[in-house]
Amino acid sequence: MTQPSKTQLSEDKKAWTALWALVIGFFMILVDSTIVSTAMPAIMRGLDTDINGVIWVNSAYLLAFAVPLLITGRLGDRFGPRNIYLVGLFIFTLASLWCGLSPDVTTLIVARVVQGLGAALMSPQTMTFITRMFPVARRGAAMGVWGAVAGIATLVGPIAGGIFVDTLGWEWIFFVNVPVGIIAIWRVLRKVPELERHSHSFDWVGVALSAAAMFLIVFGIQEGNNYSWGPIWGWFGIWHMIGAGVALLILFVLWQGAGRVEPLVPLGLFKDRNFSLANIAIAFMGLSITAMSFPMVLYLQSVRGLTPTLSALMLAPMAVVSGVLAPLIGKNINRVDARKFAIPGFFLFGASITVYGLILGPDTPFWLLLLPPLGMGIGSAMIWPSVSMTATRDLGQADAGAGSGVYNTTRQVGSVLGSALIALMMESRIAAETTLATAGMQGAAPAADAGEMGGAIPVFLHAAVSTALGQALLLPGIVAMVAALVAFAFRKTPVRPPAGL
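Sequence positions are assigned chain by chain, starting from 1 and proceeding in written order. Local features in this predicted model are restricted to residues of pLDDT 70 or higher, and side-chain atom pairs are both shown and tallied only at a pLDDT of 80 or more, whereas totals for entire chains, interfaces and linings draw on every residue. Remark: hydrogens and water are excluded; side-chain values derive from all non-hydrogen atoms of the structure.

(A) Structural view of a nonpolar patch on the surface. Together, V246, I250, L251 and L254 line one region of the surface with nonpolar side chains, adding up to about 360 Å² of accessible area. Helix numbers and strand numbers start at the N terminus; a helix is a DSSP run of H or I with at least 4 residues, a strand a run of E with at least 2. The residue I250 is located in helix 10 (residues 238–258) in this model. Residues with no salt bridge and a relative accessible area higher than 30% make up the patches, which join like charges within 9 Å and nonpolar side chains (Val, Leu, Ile, Met, Phe, Trp, Tyr) within 5 Å. Using a 1.4 Å probe, the Shrake-Rupley method yields the accessible areas, and only the shown protein chains count as cover for residues. What makes a salt bridge here is a side-chain nitrogen of Lys or Arg within 4 Å of a carboxyl oxygen of Asp or Glu, nothing more.

Structure representation (structure tokens):
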């Protein structure tokens, strides 16, 4: 057994100190992705908007977060990940103040776009630091902390959102980021070192193509119902918009392979089967974890009448279990083939969401509703470190920024699509189920409009809305279980000895 040298111990201490400083900001941007879900009904009431409007509050953030990630990883390589992280953190903090001061939903959506841009500057730098400061043998533990932070954020976000909404108002889910952001800036300035920079050119044509493609696809999916899947301007309709987005996405890939400038997405990275499959798997995870939240919260608050805080506590078992298990799994991820965590993790996560959807009803016992989140938490804890390690294990120093940017982009693209698709599922299923429930009822109130679900729902529609929201949850559940098949195709990863041996 070889004992680590003093130099190695010193480097490890610096790496861990830097990581703990960075995860404050990383935690904040993840909390901001989850804290809004609990506050959505309150935002709908406070800003007099509907489901589609409040979904755009989330989608605008996720879209602005996703699109620049391809270039923000490269910006970190060129100008230093510490500097880019600090710029993003400053923008995010100021945008949070703007969000809280927004007088209407349009202003809030614009502020969320700016907030998403700040998050996009920050997010890939965290993974770049892990990849470049931790050797592979000790990277699993760092990835475990990264996964645990994600798990804890899913707990703190909804609960904090519920407490703020119940006491101070929905605006405080954004105001709270200001003092946290200031603390995070102070810690990064003190504890995070400068890393070696790598010169890169920037593919602005690629940025434009990817941004336009994502916007057209997401807008088309999310707004399809509002336009009855027909024309928007003259002959140009929703399907034309989605088709144009797909065409631009194909053009983007062809442009990346043309090699005229340094690509945003080095296609050579995808020659590594594990990198390619891990990106697909994490996109499915992003879709599932984003899509599952709003139907659950809407059911608990609008059908079952729980306060925002109590509705968040009903989902707390998932985050508690994930936060406890993720670092433990991360510490041991190098000793076990990653597939042994990823495959059962995805299946358990997806199956638990599906079961939750199937048991939703107006009188489902609350103790029964607490059980599926336990399975979600165990599955989530197994997914984050195993998939992250699979994606980054073979990234070299020069490719750390690009690889981190691609990986974070695919996760966020999944989240954006999840937000758009769940809006479509909820609106269509609520309209269908409530129409059936009111058919033939003399003098009954009209079927519920999916856009007016911010408050309590009439008792006679509880069963119909519960069924509709349960059907919507089948989408993220099935997608997560499909991701288990993707993980099954991972190439077997080498088992490494524990750090220091």
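(B) Fine view of the pattern of salt bridges. Applying the stated rule across the entire model yields three salt bridges. One salt bridge in this structure joins R339 and D337, with 2.7 Å as the shortest N-O distance. A residue is classified by how much of its surface remains accessible, and R339, at 25% relative accessible area, is partly exposed. As a salt-bridge pair, E433 and R429 come within 3.3 Å of each other at their nearest N and O atoms. Taken as a pair, E433 and R429 lie in helix 17 (residues 400–438) at a separation of four residues, close to a single helical turn. Each residue is assigned to one of three classes by its accessible area relative to the maximum for its type, calculated with a 1.4 Å probe on protein chains only: buried under 20%, partly exposed between the two thresholds, exposed over 50%.

(C) The packing of helix 14 (residues 339–359) against helix 16 (residues 371–392), seen in detail. To define axes, lines are fitted to C-alpha atoms, for helices over the stretch in contact only, and angles between the resulting N-to-C directions are given on a 0 to 180 degree scale. Orientation of helix 14 relative to helix 16, taken along the N-to-C sense of each, is 150°, at an axis distance of 7 Å. Overall, the two elements helix 14 and helix 16 adopt an arrangement that is roughly antiparallel. Helix-helix and strand crossings are classified by hand; for helix 14 and helix 16 the assignment is left-handed. The cut-offs work like this: below 35 degrees is roughly parallel, past 145 is roughly antiparallel, 65 to 115 is roughly perpendicular, and the gaps in between are oblique. The hand of a helix crossing depends on one turn: near helix anticlockwise from the far one by less than a right angle means left-handed, and clockwise means right-handed.

(D) Seen up close, the side chain of S386. Relative to the assigned elements, S386 resides in helix 16. According to the relative accessible area criterion, S386 is buried, its value standing at 0%. Apart from the residues lying within four places of it in its own chain, the contact partners of S386 are I333, A338, F341 and A342. Throughout, a contact is declared for two residues whenever any of their heavy atoms are within 4.5 Å.

(E) Highlighting the confidence of the model for the protein. A score between 0 and 100, pLDDT records how confident the predictor is in each residue. Model confidence for the protein is summarised by a mean pLDDT of 81, while 85% of its residues fall at 70 or above. The spread of mean pLDDT over the elements of the protein runs between helix 6 (residues 136–167), the lowest at 73, and helix 14, the highest at 95.

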